[in-house]
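Descriptive analysis of the structure
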Amino acid sequence: MFKSYVTIALRHLFRNKVSSFISVAGLAIGFACVMWISLYIKTELAYDSFVQDASRVYRVNMDGKMGDSEFYAGYTPPPAGEALKNNFPEVESYTRVYRPGNQLIRYNNGVENKSFTESKVFAVDSNFLQVLTYPLLQGNPATCLLEPNAIVITEDMARKYFGNTDAMGKMLILDVAKTPLKVTGVIKEVSQTSSLQFNMLIPLQLCADVKYFNWSWVWLNMATYIKLNKAAAANPNVVKNMEAKFPAMMKVQAATAFERIGQPYNEFIKKGGRWNLHLQALPDVHLRSAGIISAVTDQGDIKNLYIFAAIGLFVIVLACVNFINLSTAQAAKRAKEIGVRKVMGSEKSQLIQQFLMEALFFSVISVIIALILVVLLLPGFNQISGKSMDINMMLNVQFWLIITGLIITITFLAGSYPAFYLASFKPVNVLKGLAVFKAGNGNRGIRNGLVVFQFTVSTALIICTLVVYMQLRYIQNCDLGFDKENVVIFNNTEKLGRSQEQFRQEIAAMPQVKSASISTSMISRGAFGDFYNPIANTPNEHIAKDITLGSFLIDQDFITTLNLKVIKGRAFDKRFNDSLSVILNETAVKQIGWKDPIGRFIRYPGGKMELYKVTGVVKDFNMESLHDAIAPFALFHNSSKSYDSNTSFVIAKLKPGNPATTLTQINNKWKSYNTEQPFEYTFLNADLNALYVTDQRMGSLLFIFTSLSIFVACLGLLGLVIYTAERRTKEIGIRKVLGASVAQITLLLSRDFIKLIILAIVIASPVAWYAMNKWLQNFAYPVTISWWVFALAGLLAIIIAFATLSFQAVKAALANPVKNLKTE
């Protein structure tokens, strides 16, 4: 019997080539989408799963509010880990991570002399590899970071510096260290599914700024992880109970630090301030950190997984809809076959099995084609998605259980209705033609409903794609408050020491350079943040008592180089001593509550209680991505003693044209000052674009899956119009004989479908509007979804559908009516 089912399925496949192709192509695309998305989701969900006892490890997050400034961050003060360990017996151990910035790494063995700038260097506690169990190829995780002159590197770094020789015991020189460091361990290359991406580990005691701020509960630059003991981890309420006790611990632990910066902790809390710790499970760090600031961990957004999972589901459902539509549409053709088989003794159950076997046959063929597509196109998918998925990820039981489950599900979804419907025909009615009539007309409502569903999904995805494109375009073209064109940032210029200003002057004097400046940081690269006290003129003046300001230390040319707009007061000027001057942005002035800020003062309690005079106000400019609202910001002169910075940049504004020659000349000047430090630079535009890589990838993936869903929907529409044209062959022939034009016949065949697509547009518009409004909430500065977006999406859907319909409708209209009527 099985052989008979397969034979009939093959016969049906080759006898109905067009409808079979449409069904197989749609299902293959649907399966391929599901496979791609499954691999993507599997990669995202696998983050940090390699860590032993990952369920016992938690990242410590900081929830803070000072004045009107609020933040939630994946970093803590340096003493937080020790305080948690001492105050809570549930905590078995803790470890900390600090990012000291770019490091010049040198290796010289007398024969080879190599130097590179490395950006993925972490300073960690000695037990880091015991809490976060990155696999070691060489070395002991318990001892490799104990010595102050130790360094642990990844296997790719070992190859980079030492080639094929054994790295253990070799010496590397780092900027942050005063003495050479000995390689005491080699880590297996860090997995892409690690939320911490690094290639070198050094002991924390090498970092002077960590030592200096080890007392501070307001210096927030450490990522802290704790590991609970087994008994505590087994209690589902332990984290909640611990967090309930954190405020009392903070009141004791942070009091001295707040007093030291002129902020009594009790008063700070009474004024509405907030300074508290929270625990986040390690498996949640990558995907459930929306709104959590971190410069250390690689963080995604689980909402993107929901979006792609829904799209994959929609595409495979669209393919099933095609199969059901075409199967029911062809019921009239198969009615006599069913009648004859029933007269010959076939049971209803046998007919149902036959149609389910056909659906299974189509599903299996589609899976085979989908696998070929996935394997061939996986490198391109990796490039777009930013992942490193490989074929080996498909060679596991879980993946094939998903595919097998899909095959079975689709077999029943796509095959059940045609199977039970066609098998229910009565032989007498079939032979009288009644069943044929019913098959041709009785299911029109169902088919129309499925067409509406297909184009509702496709139109909604078109609207979503347009909105994502609009937001990304807005990001690229909106006024950020500064000039980002032709701005070059030269890195690591603090390595030039006292020669840095001379280097800047030489660059500024070049004919292709408009201006050049020095700054401790740069837009998109973070800023130093601290608390300040605005000074009231009278005791009753209603202004903010405290404010958190991000800040740069800059020279007098910074504002000119970036073309920042000074809207009140003046910029820094050589003619003045600006060591105790400050320039605020508009948001800072508004938050403080000053009507006229020029000449007013802010106190820096974190230093020596210095008073800084406001000499200017700049128009707000975006320091970070448009995901975040503009925060209060300050520009201090680099002669200021308010704080020290380990980093420095020279920024140059170039004249339009080819910058290659100018950059070559600057490179030569660099080498005349520093032969060991590599010459490195980036363009500001590139740095800003890097802030939106995740959004751009999402937009690209959304465009691809939208295109595939439209293609699948159009395949189904093409199949239905072919069926309609075949069913109305005689009518078309008569109309042509009576003088109907090609356009009239095309409109006749397309009209009903266009009505369905218009209905789909009406349904899709509010659904897509709701979904995109939710997505745009991720941006502090979202675009407005105007009416024309829905009109354009609807027009595109109609044009695509009409082009599909016209392809077959025009062909039917051009057919020779005499031949058609003879055939009839």
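Described in the following lines is the structure provided in the data block.

Turning to helix α3 (residues 80–87), a few remarks are in order. Looking only at α3, the buried set comprises A80, G81, A83 and L84. Viewed along the axis of α3, the buried residues span an arc of 165°, placing them on a single side of the element. Where α3 is buried, its residues contact β1 (57–66), β3 (91–98), β12 (223–228), α8 (238–253) and β13 (274–281).

Once that is clear, we can look at the side chain of E44. Mapping E44 onto the fold places it in helix α2 (residues 17–45). Engagement of the side chain of E44 in a polar contact is seen with the side chain of K387, the distance being 2.3 Å. Ignoring anything within four residues of it in the chain, the contact list for E44 reads H286, L287, L305 and K387.

What follows concerns the pairing of strand β23 (residues 649–654). Most of β23 sits out of view: 6 of its 6 residues are buried. The pairing of strand β14 (residues 487–490) with β23 spans 4 bridges and is classified as antiparallel. When the sheet's bridge partners are listed, V488 is paired in β23 with A652. Relative to β23, strand β15 (residues 513–519) runs antiparallel, the two being bridged by 6 bridges. Opposite S519, over in β23, you have F649 as the bridge partner.

This part is about the pattern of salt bridges. Scanning the entire structure with this criterion turns up 23 salt bridges. As a salt-bridge pair, D578 and R570 come within 2.9 Å of each other at their nearest N and O atoms. Put simply, D573 and R575 hold a salt bridge, and the shortest N to O gap is 2.9 Å. Judged by its relative accessible area of 69%, R575 is exposed. Linked by salt bridges that have partners in common, D53, R56, E92 and K227 make up one network.

Turning our attention to the pairing of strand β17 (residues 547–554). Of all the 8 residues making up β17, 7 are buried; the element is thus mostly covered by neighbouring parts of the structure. Note that β17 and strand β22 (residues 633–637) share 5 bridges and pair parallel. When the bridges of β22 are listed, F552 appears paired with L635.

We now examine the packing of α3 against α8. Relative orientation of the contacting elements α3 and α8 amounts to 120°, with a least axis distance of 11 Å. As summarised for this structure, α3 and α8 are arranged oblique, according to the angle between their axes. Taken as a pair, α3 and α8 cross one another with a handedness that is right-handed. Judged by residue contacts, A83, L84 and N87 of α3 engage F246, M249 and Q253 from α8. Looking at the contact of α3 with α8, its residues break down into 4 nonpolar, 2 polar and no charged.

Criteria and thresholds
Residues numbered from 1 in each chain as written. Predicted model: local features only at pLDDT ≥ 70, side-chain atom pairs only at ≥ 80, totals over all residues. Heavy atoms only, no water. Buried < 20%, exposed > 50% of the residue type's maximum accessible area, 1.4 Å probe, protein only. Helix = DSSP H or I, 4+ residues; strand = E, 2+ residues; numbered from the N terminus. Arc of directions from axis to C-beta. Contact = heavy atoms within 4.5 Å. Polar contact = N/O pair within 3.5 Å; in protein donor to acceptor, adjacent residues only side chain to side chain. Pairing = 2+ DSSP bridges. Salt bridge = Lys/Arg side-chain N within 4 Å of Asp/Glu carboxyl O. Axes fitted to C-alpha atoms, helices over the stretch in contact; angles between N-to-C directions. Parallel < 35°, antiparallel > 145°, perpendicular 65-115°, else oblique. Left-handed = near helix turned anticlockwise from the far one by under 90°. Nonpolar A, V, L, I, M, F, W, Y, C, P; charged D, E, K, R; others polar.

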